[in-house]
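A closer look at the structure
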Amino acid sequence: AIRCQIRRGLGGFGGVNTTKEKHEQYEQGISKAGAKNVIYTLFKVLDEPSSLFTQELFRHILAQKTYIEAIAAAKAEIIKQEYPPLYWSGFVLMGN
């Protein structure tokens, strides 16, 4: 199932286990819906690290960091908690 939400020019989707072409189609659809930035995963990520990543990402966004700074900080937090790259490397930011 695809879940998408757009807030503050940021859209995202998860739960997609599909081809690169389908990812590009989802990204284009979210962009057409008004998001200038899209965050998604390149592959399935387990719930616990995904939840931690999302919480950290939005904590940093609410602290007025740029999306690039926020995604880097969220990944750093997951790394600090000793999750291997499999749990955080799939998160991608496309856009401004």
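Placed above this text is the structure.
Rules used throughout
- Residues numbered from 1 in each chain as written.
- Predicted model: local features only at pLDDT ≥ 70, side-chain atom pairs only at ≥ 80, totals over all residues.
- Heavy atoms only, no water.
- Helix = DSSP H or I, 4+ residues; strand = E, 2+ residues; numbered from the N terminus.
- Buried < 20%, exposed > 50% of the residue type's maximum accessible area, 1.4 Å probe, protein only.
- Contact = heavy atoms within 4.5 Å.
- Core = buried A, V, L, I, M, F, W, Y, C linked by side-chain atoms within 4.5 Å.
- Expected span 1.5 Å × (residues − 1).
- Salt bridge = Lys/Arg side-chain N within 4 Å of Asp/Glu carboxyl O.

1. Quick word on the side chain of E56
Looking at the element boundaries, E56 is found in helix α2 (residues 47-62). A relative accessible area of 12% places E56 in the buried class. Ignoring sequence-local partners within four residues, the contact set of E56 consists of A74 and E77.

2. As for the nonpolar core
If you look at soluble globular proteins, the nonpolar side chains tend to sit buried side by side. Formed by 14 residues in total, the largest nonpolar core has its most connected members in F53, L57, I61, I71, I78, Y83 and F91. Of all the secondary-structure elements, those providing two or more residues to this core are α2 and α3 (67-80). With five residues, the top contributor of residues to this core is α3.

3. Some words on α3
Here α3 is 14 residues long and its end C-alpha atoms lie 20 Å apart, about the 20 Å a rise of 1.5 Å per residue gives. Of the positions making up α3, those classed as buried are Y67, A70, I71, A73, A74, K75, E77 and I78. E82, located one to two residues past α3, shows a positive phi value of around 65°.

4. Section: the pattern of salt bridges
One pass over the full model with this rule turns up two salt bridges. Of the charged contacts in the structure, one is a salt bridge between R59 and E56, with a shortest N-O distance of 2.7 Å. With a gap of three residues between them, R59 and E56 both fall in helix α2, about one helical turn apart. Note that K80 is salt-bridged to E77, the shortest N-O span being 3.4 Å. A residue pair is termed a helical-turn pair when its members lie 3 or 4 positions apart in one helix, as K80 and E77 do in helix α3 at three residues. Note on K80: relative accessible area 61%, which makes it exposed. Overall, the relative accessible area of 16% leaves E77 in the buried class.

That's the geometry; what it means functionally is another story.
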